[in-house]
Structures are given as C-alpha cells and as structure tokens.
Amino acid sequence: MNPEHWKRLDELFHSALDREPHEREAFITGACEGDDELRAELDSMIAHHEQARSFIESPAYAVAAETIVADDSSETLIGKALGPYQILSVLGAGGMGEVYLAFDTDLRRQVALKFLHTYLTDDTKKVQRFKQEARAASALNHPNILTIFEIGEIDGREFIATEFVEGETLSELINRGTLKPPEVLDVATQIASALSAAHTAGIIHRDIKPENIMVRPDGFIKVLDFGVAKLIETSVSDSDALTLINTEQGMILGTLRYMSPEQARGLVVDSRTDIWSLGVVLYEMVAGQPPFEGATKSDVLAAILEREPLPLASRNAEASEVLQVIVTRALAKDVDERYQTAREVIDDLRRLDIQSDAEGDMEPVAPLKVNAGQAAVKSEKAEVANTGQKPTASATSSAEYIVSEVKRHKKVAVLVFATLAIAVASVAFGFYKFIGRNRSAVHFQKMSMTRLATSGRSRGAAISPDGKYVAYVRDDAGQRSLWLRQVGTTSDIQISPQTDAGELTFSLDGIYLYWSNFFGDLHRMPVLGGPKSLLLKRVNSCIAFSPDGKRFAFFRGDYPSQGESSLLVANVDGTSEQKLASRKQPDSFEGGPAWSPDGKVIACTTGSAYMSVVEVRVESGAQKSMTSQRWNEVKNLAWLSDGSGLLMLASDQGSLSTQVWQLSYPGGESRRITNDFNGYEGLSLAANSRVFVTVLEGQAANIWIASAGEVSRARQVTSRAGKYFGLALTPDGKLVCASEASGNLDIWIIDLRGGDGRQLTVNASANLLPSVSPDGRYVVFTSTRSGAVNIWRMDIDGANPKQLTNGNFDYNSSCSPDGKWVVYVHENSGTPTLWKVSIDGGNPVQLTDKDAGNPVFSPDGKLIACSYGNGKVAIITSEGGQPRKVLDIPTPFIVEPGFQWTSDGRALTYADRRGGVSNIWNQPLDGGPPKQVTDFRSDEIFSFAWSRDGKQLALARGIETGDVVLVSDSR
C-alpha cells in the first residue's frame, strides 16, 4: 500500500467515526464511490473498531489501519496447541492483538489468550505497553476485576492469559435499555469497588467506559483493560516488576466521551479521573446516552471542558434527584470538588440504595438479565456471597457539596437548589420518622473531637459527671498507672503509680472512682488519690449508677456451674446485693448495664454469636428487647440525659472494630456516630449528654520474617504499619495475612522479597484468620460475607470463593496436612466446640462436645491441639473424642493463632507477653520446661506463623496505641 492510499484511508476512517451512525453510511458511500477496494478496507477498519472487545488496547482506531495494512499472515491458530493452551476459537481482535478462547490442559480450565500482533513485536514500546496491561491488572486481585493468570511468550509471540467471562458488555445492556434503577446502583457500586481496590494498589485505569465493563448472567461485573493504566506513585521498590510506559504530557490515552477534563487536556491525572469516567458511565446507564456529545470530536471535547450535562430527569423520569446529586459531584470539572475517593462514591450509592429500599422506591436488586455467549471473555462460576446487611453510610455529605456547587456554578443554581430542596426534604422526612417516634433530637450529628492524652499508652478512660475531669489508665510496658486530667488544661496528675484498673466509672458526686479488675474484684478509691477499698467480688462488668447515686448495677456470670449470668444491684458501698434478672447461655448478659434517667429501666447488652440490647424493669425484673438490630459486639451503654436513647460501643457485621452508636428508645433505631478505621474502647458520657470520652485504639504493626536458628536477624518486609489478624505461609514462600489496610478487614498475599502485598478479598464483610492448604492451592479463612460467621475457601489468587460451613458462628480454621480436611470452631448455645469439614464442603463432623478452640493439626495429621477450658491446651486425635493430654501454657491466646506445632510434632509454639514485650516460646509435649525461641526487647507480637518445614517464621510485630479523646456535641 502506497503512502498516498494509506493517508486517504486514514482520513476517511476518522471522518467516518466523527459522524453519527445514521450519517456514516451515506458518507462512506459517497467517499468511496467507484472504489470497491477502498470501501472494503474502510468497512473492515470500522467493523474492527466497533467490534474490538474491551480488553484489547483501547481506543482501537489508533492502530486499526495498521492492522489492515500489515503484512501479517491471516493464518488462524484455531486447533493448534501452544504450550499448555489448546486454541478453540477466535473471540475478537483489536489494535494491538487478537484474542482466542483456549483450554489450559494443565489446570483444566478455559481461558482467554490475548496475543500481540507479530508485526508489532519489533516495536519495543508496544511490547512493553502490552506487558504493562498484564502487570497492572495482575497486581490487583478483586472479584470485580478481570483475573490475569499468566503473561509470557509462546513461539515468539507475547501473550496474556486471563479468565474467560460469560456475559455481555455494559454497553450492550445500555443499548438494549434493560437496566432498572436498582441494577444501575448495583453495577455502579461494583465498578466503584473495583476502582477503590485499584486506587489502593496505586493504579489508575484511565479508560473506564461501558465497553470495558462485562456483566455476567448472575449480575456480577468485571472491569477489564488495564492497558492504559498508570501507577499513581512513580517511586517503587521493584522497578523490574512495575515497569510502565510514562505518558508524556499532552499525549491523550483513553476514550474521548469518558475522559475527564484534565485527561482530555493531556494533563497529569490521578485516581479522580476514574471517578469522572464512572460518573459518565453512571449517567449513561440512567439516561441511555453519554452526558457529553457532539457532531465531531472537537465538539465532544468542548462539551467536556465547558458545558454541564442536561439533568438526568430530563432524559429519564425515573431518575431521582439524589442520584443527580451523586452524578453532579462525580462530574465536577474541578478535581478538588469532585469525589476524592471511590470509597466516597460507594458510600453515597449505598446510602441512596438504603434510602430507596426504605421508602419503597425501588424493587429489590436481582441479577441482571444478560445473554450468555455474547461476551469476549468467560470465567468458571464464582460464588459471590451477600454481606447480609447493608453498610451504614459514611459521614460524607452530598448536601454540603451542593451548596459549594451553587457558589461555583450560578448557571445551574436553579437545578442545584431544586436538588438540595428535595434532598433536604428527604432527610427531614427521615428525621421526622425518627424523632416522631422517639421525641428527641439526634445527638452528636455534628461533633468535634479533641485528643487529651496522646502518648499512645492510654487504655481506659472516664469523664466526671460534671464534665470537668477525665481519669484514665496509662500502660507503660506492662506497668499500669492511674492519671487525672482537668478538661481544658494540658497537665496530668498521677493519682496512683500502680493499678489493676480496667474500665473506670465516676460516682455521681464525682468523689470516687470505681473499677473491676481481671479477676472480678470491684474496687473504689478517692478521685484525688488515696487507698483503694475492695467492695465486691465476682463482678464481671462495668457498673452503672442509679439516678440518685445510691445503688449500682452490674453483671455476674455463674459459669460453668449454673450456665447463667445475672443482673444485680447493690448499694454504693457494696452491701445489700439483689438479683433482678438472669439469662441462660447462649443468650447471656455480656458487656455491661446502664441505668435509665427515670430509674425505671436498666439497659443490658446480651448475646453469644451476635449481641443486642434488652431492657430490664427495675420493679419487676421483666425483660424486653430494645431493638431488632444485631451486632458482633455491644458494650459500654450510656443513657442520654433526656431518656431518648443510649450511646454505646458496637461493631456491626463485617467489622471487628468498635464504633460509637446511638440507639433510640423506645423505637430501637440505631445510628452509627463514628466511622473510623481504628476502633474505640470504653465510653463514658457526662451528665448533660453533650460530651463523652473514649479511647481511640490502633495497632501499628509490620510483618517480620526470620529463618529458624537466626531469629535475631529478623527482617521487616512491609513498609506501612497496620493491623493484622492472622498469618499463614505458602509452600512457595509467600505470606497470606488478614489486614485492615484497605479500610475493611481483608485477606492479602505478600511477596516476602518485599512490598505490601495484593488484596485477595474485597467486600463489605470481615475476612480474617487465613490458613493455607499444604499444596498451596487454597486459602481457608473466616468470613462474615454470608451474614453469619462461616469458614470459606478460595483459590490462592482470590478466585472462586466457596462457603464450607453454614453455622451461625464458625471460625478459626486449620487445614490438615493431606489437604482433605478443615478443622474449625463451631459455637452454639454459647459453647465453642471443634468440628471438621471436607476441603470441598459437605456435612461437618463434630470432634468435641467440650469448650474448645484454636484448633491446629499436627504435622502428621493424626492429632489436633486446641485450647481447652480455662487456660489449658488439649491434644486430641483427628477423629475427635476426649483429650489424650492436657498442658498448662501461660498465655497462649493473646495472638492469632494461639499456638502452632513445631515441624517435628514434639512441641507447641506460642507467644508470651512479659513486661509489655512479646516473644515466641516452645512448650515440649513431654512436659519439659518451655524454651524461649526469640529474644525481642521491644514490641508486641499480634500474629505469627511457621512454615510447614519449620524453616521460616513470620510475625506481625508492633505496638498497640490508645489515645484518650474528648468528643463534644456541636449542635
């Protein structure tokens, strides 16, 4: 092909694309009149552009003409065997490569193979960019992101092997007009979840559009094509693994209609450019067409840079004004006024979903109806579980955003004010329903937080009834002392150099401090210092004073003799005990009571697998549930002074960190006040209910690796401190762990050569306590994604999650050495017992009927070590039954797992904390004295794991932090 012909073909191609589809045919017919060869070439290029699937380099037109004129042979690969891949059929072709359906004969699965055009293999930059796509995507592991299996070269051809997804593109669904409002929210939330994971990993997609979103028949979506992805951070530790093409300023990559203003200008972009593109996609799903259109590319560009899109309601009468608010914010041309994170988008979408469900505006979300077989890629069936509970919305305020938009965009003031009015009306209606039933204002809707003690060593705190003083416990390497601070000053007074205090409570006159220690001994001492006095024994909770300050209420557990717990009251000096109510296991009194301002009711926390709140009438002892809400944990109840409800600490399903909640009375509606990644411990409310204190807890830990025999030379392999909830080593030397690095509790995998790892689970639930099958094929873990606490299994790359158990409270799993069984704890009626289930699921088998936990298979699989009773460790056979041996181990349960076997099966390894410092110890099974393995002089151990051969030890080491914070109601 001569240059003149190529130039003419290229010009006609782009001119045709600039026209609307209904105008294109007439243009092509006129331009190619009498030149059938030119017409055929042009038709081929346009068809190539329209049909290219999303995981082909986009936009395809950039190199489509090269594909037509290249000297490549059109020889098909169908029927050929390339390495382990048997080529079955063609799926599509694009500017940079062809895609085939293939069968992986090694792993016995279908895959999609993307091959780079051979005429491009001499172009180093394009080859590098081809690999960039795979490396960017393979750095992610998320249920809504296409899984990359392999990148390599076969017979001189570069390829990427990916999962094969059945379904349709989102573009096809939009064109059919089949999307309903709840489906729009569901799809948008899934896309935002994928982007949140990518942005957390430092990757921007830069080409989010409907063609890059695959929708499976079950409604689950996959985001494809990270071929133009760019690392947010340019400084990386592994330059070889993260080599990317830097885009020069001024070069535009992506698809014009979905580009952000900064991307269209060729400026440097960050993750907020993906949020813009998501806003465009969301608009198009609702309106049926993109928000920015034009006859030519220049017109589209001008619309993106200068014009606001038409209101959604003008194109779809079903579009809600609140949804318009979300779209408006996502499409803010100023990046600083746009959503700053994908997580914010998720929160607002879920808020809208919850509001719509509550008001009956939407049907329940059902799987999208998509046509199987029309997709470019396909996957094996994945089991995706519902969380069982919609997450509570974050504190991000769309109403505040609208006000700022009015100030910036006076041209759209009418629209914005209308939207604001409807949003305010919606909120007011919600408050009316809440207040109308409870006749009280919402407390701490706006609040300020002040840190009073910032040493990181605070553990328990209480505020005096008048709000003038705060008492707290300080822990210095295991040495606990008691301190007092006057609010508004910066000076602390030590009132006791040594204390065994746990949770503190001021007397109503502010003269005394009360607390119970670990052994249940209730003490009292003067606030300004002095001798403490023992008032009562067997007090298993914090105490709550009656309104007149003459009595207090508390819990006492009678275990195991009677299997019940009781609510009691006593005089302030500990005399005249009186039992008001009792509860049998499993639904026992736990956490602590709170005495109502009118003196008639004592609110109590109750539960076993899940916890809730009940009221006990002081006069009769009659009990009644205060709410239908269930939490993983509830504690530290405190009545509001007007009697309209309580403040409390609670962790909902999917979270292990306790947050501050408000529970209305008598309506029982709950509302989360705080929404932090860290948790809170202890809550004490002043008498006027305008201020409370709590301890903001954190954990600053890193992963350390040591070789057996050289534990003194342990090295740190993570770069950012965080929280860890269980570790497991894989046979190939990687580490699987549970961490809150993503903002939720998720499973990660870490390359021990360095780096902070890849996320394997992404959902709104808690995923923790991983174990790895001996062959390294599976990760078995505890998850709340089904709405209960269960044992789940997934592939080592995070794919194919499968629920193994169906109890209400199943946790702490361990894989057998032959990889066939999983032993775990099943808790029912308040008693944890051991069970085992096949690695493939099925009917579980009970192993013990006694109180047991923390099970771990021995190296030969014949025995199981487990916690047993109070501070004991039992050895049972893998078939169950009575213990063969019971050992005394000092403190084996302060970390996860509680203990592990040594590789020779002769001892158990555990972590022991002494003087605020943790070390690993071995306890021989023959009863010999324990032997210290590590010799750390600082920090605590939160989790540890040995490799199965005993050659490597992984530890999560760091410090626990706690700062006293004063929270004030800013109403």
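Here the residue numbering is sequential within each chain, running from 1 through the sequence in written order. Predicted model: local features are reported for residues with pLDDT of at least 70 only, side-chain atom pairs are reported and counted for 80 or more only, and whole-chain, interface and lining totals are derived from all residues. For the side-chain quantities, the full set of heavy atoms in the structure was used; hydrogens and water were omitted.

Peer 1: Looking at this structure, how should I read the sheet that holds strand 25 (residues 588-595)?
Peer 2: Strand pairing in a sheet is mediated by backbone hydrogen bonds. Such pairs are either parallel or antiparallel. What makes two strands pair is DSSP finding at least two bridges between them. Each helix is a run of H or I in the DSSP string that is no shorter than four residues. Each strand is a run of E no shorter than two, and both are numbered from the N terminus. Pairing is antiparallel in the open sheet, where four strands are placed in the order 25-26-27-28. Each having just a single partner strand, strand 25 and strand 28 (623-625) make up the two edges of the open sheet. Averaged over all neighbouring strand pairs, the angle between strand axes comes to 30°, with direction disregarded. Two elements, strand 25 and strand 26 (residues 601-607), share five bridges in a ladder whose sense is antiparallel. Counted as the bridge partner of Trp-595 is Ile-602 from strand 26. Interaxial angles span 0 to 180 degrees and are taken between N-to-C directions of axes, which are lines fitted to C-alpha atoms, for helices over the stretch in contact.

Peer 1: Would you mind going over the packing of helix 7 (residues 181-200) against helix 9 (residues 272-287) with me for this structure?
Peer 2: Angle between the axes and distance between the axes: these two values describe a pair of packed helices. Contact geometry of helix 7 with helix 9 gives a least axis separation of 10 Å together with a crossing angle of 170°. The orientation of helix 7 relative to helix 9 falls into the category roughly antiparallel. Note on element contacts: helix 9 touches helix 7 through Asp-274, Leu-278, Val-281, Leu-282, Met-285 and Val-286, opposite Val-184, Val-187, Ala-188, Ile-191, Ala-192, Leu-195 and His-199. Side-chain classes follow a simple rule in which Ala, Val, Leu, Ile, Met, Phe, Trp, Tyr, Cys and Pro form the nonpolar group, Asp, Glu, Lys and Arg form the charged group, and the remainder, Gly included, forms the polar group. Taken together, the residues of the contact of helix 7 with helix 9 break down into eleven nonpolar, one polar and one charged. Here the angle decides the label: under 35 degrees means roughly parallel, over 145 means roughly antiparallel, 65 to 115 means roughly perpendicular, and every other value means oblique. Residues are treated as being in contact if the distance between any of their heavy atoms lies within 4.5 Å.

Peer 1: Is there a simple way to think about helix 10 (residues 297-306) in this case?
Peer 2: The α-helix advances 3.6 residues per turn, and as a result positions three or four apart in sequence lie on the same side. Under the scheme applied here, a residue whose accessible area is under 20% of the maximum for its type counts as buried, over 50% as exposed, and between as partly exposed, the area being computed with a 1.4 Å probe on protein chains only. Of the positions making up helix 10, those classed as buried are Val-300, Ala-303 and Ile-304. Seen end-on, helix 10 carries its buried residues on one side only, within an arc spanning 95°. Those residues of helix 10 that are exposed and aimed more than 90 degrees away from the buried face are Ser-298 and Glu-306. Where the residues of helix 10 are buried, they touch helix 8 (261-264) and helix 9. Picture the helix axis, draw a direction to every C-beta atom, and the arc is the one those directions span.

Peer 1: It is not clear to me how the packing of aromatic side chains should be interpreted in this structure. Could you clarify?
Peer 2: The way to describe two aromatic rings as a pair is by their centre distance and the angle between their planes. Pairing of aromatic side chains here covers Phe, Tyr and the six-membered ring of Trp, requires ring centres within 6.5 Å, and sorts the geometry by plane angle: under 30 degrees stacked, over 60 edge-to-face, intermediate tilted. Counted by the stated rule, this structure contains 13 aromatic pairs. Here the aromatic rings of Tyr-100 and Phe-115 are separated by 6.1 Å at their centres, their planes lie at 70°, and the arrangement is edge-to-face. In this pair, Tyr-100 is assigned in strand 3 (residues 97-104) and Phe-115 in strand 4 (residues 109-116), connecting sequence segments 15 residues apart. On the accessibility criterion, Phe-115 (0% relative accessible area) is buried. Relative to Phe-589, the ring of Phe-555 has its centre 5.0 Å away and its plane inclined at 20°; by these criteria the two rings are stacked. Linking Phe-555 in strand 22 (residues 551-558) with Phe-589 in strand 25, this pair joins segments that are 34 residues apart in sequence. For the pair Phe-555 and Phe-589, one class covers both residues: buried. Members of the aromatic cluster, each reached through a chain of ring pairs, are Tyr-85, Tyr-100, Phe-115 and Phe-159. Above the face of the Trp-821 ring, Lys-836 is positioned so that its terminal group lies 4.5 Å from the ring centre. Put simply, a charge is over a ring when the Lys NZ or the Arg CZ is close to the ring centre, within 6 Å, and near the line of the ring normal, within 35 degrees.

Peer 1: Just to check I follow, could you spell out the sheet that holds strand 29 (residues 633-639) for this structure?
Peer 2: Strand order in the open sheet formed by four strands is 29-30-31-32, with antiparallel pairing between adjacent strands. This sheet does not close on itself; its edge strands, each paired only once, are strand 29 and strand 32 (670-672). Here the average twist between neighbouring strands, direction ignored, is 30°. Relative to strand 31 (residues 659-664), strand 30 (residues 645-651) runs antiparallel, the two sharing six bridges. Of the residues in strand 31, the one forming a bridge with Gly-645 is Ser-664.

Peer 1: Which parts of the structure should I look at to understand the packing of helix 9 against helix 11 (residues 321-330)?
Peer 2: Packing of helix 9 against helix 11 brings their axes to within 8 Å, and their N-to-C directions diverge by 145°. Handedness of the helix 9/helix 11 crossing: left-handed. Facing Ile-275, Trp-276, Gly-279, Leu-282, Tyr-283 and Val-286 of helix 9, the residues of helix 11 in contact are Leu-323, Ile-326, Val-327 and Ala-330. Residue composition of the contact of helix 9 with helix 11, grouped by class: nine nonpolar, one polar and no charged. Left-handed is the label given to a crossing in which the near helix is rotated counterclockwise from the far helix by less than a right angle, and right-handed is the label when the rotation is clockwise.

Peer 1: Can you help me understand the environment of Pro-311 in this one?
Peer 2: Tracing the sequence through the fold places Pro-311 in the loop between helix 10 and helix 11. Sequence spacing of Pro-311 and Tyr-283 is 28 residues, and the spatial spacing of their C-alpha atoms is 9.5 Å.

Peer 1: I tried to follow the pairing of strand 13 (residues 458-463) on my own but got confused; where do I start?
Peer 2: On a regular strand, each side chain points to the face opposite its neighbour's, so the side chains alternate between the two faces of the sheet. Across the six residues that make up strand 13, a large majority, six, are buried. Inspection of the sheet shows strand 13 paired to strand 14 (residues 469-476) by four bridges, in the antiparallel sense. Note on strand 14: the bridge partner recorded for Ile-463 is Val-470. Between the antiparallel neighbours strand 13 and strand 14 lie five residues, among them Gly-467 with a positive phi of about 75°.

Peer 1: Got a minute to help me understand helix 7 in this structure?
Peer 2: By definition here, a helix of n residues has an expected span of 1.5 Å times n minus one. The end-to-end C-alpha distance of helix 7 is 28 Å, a good match for the 28 Å that 20 residues give at a rise of 1.5 Å each. Counting buried residues in helix 7 gives 17 out of 20 residues, a clear majority hidden from the surface. Positive phi appears at Gly-202, one or two residues downstream of helix 7, with a value of about 85°.

Peer 1: Just checking my understanding: could you explain the pattern of salt bridges for this structure?
Peer 2: Working definition: two side chains of opposite charge can pair if their charged atoms are close together. Here, a salt bridge means any side-chain nitrogen of Lys or Arg that lies within 4 Å of a carboxyl oxygen of Asp or Glu. Per the stated rule, a full pass over the model turns up 24 salt bridges. Where Lys-532 meets Asp-500, a salt bridge forms, and the shortest distance between an N and an O atom there is 3.6 Å. Of this pair, Lys-532 sits in the loop between strand 19 (522-526) and strand 20 (533-536) while Asp-500 sits in the loop between strand 16 (492-496) and strand 17 (504-506); the two residues are 32 residues apart in sequence, bridging distant segments of the chain. On the accessibility criterion, Lys-532 (44% relative accessible area) is partly exposed.

Peer 1: In this structure, what is going on with the side chain of Ser-612? I would like to understand it.
Peer 2: Mapping Ser-612 onto the fold places it in strand 27 (residues 611-617). Two N or O atoms count as a polar contact when they lie within 3.5 Å, although within protein this holds only if one can serve as hydrogen donor and the other as acceptor, and sequence-adjacent residues are included solely when both atoms are side-chain atoms. A distance of 2.9 Å separates a polar atom in the side chain of Ser-612 from the backbone oxygen of Gln-629. Other than its neighbours up to four places away in sequence, Ser-612 contacts Cys-604, Thr-605, Thr-606, Thr-627, Gln-629, Trp-631 and Val-634.

By themselves these figures say nothing about function.
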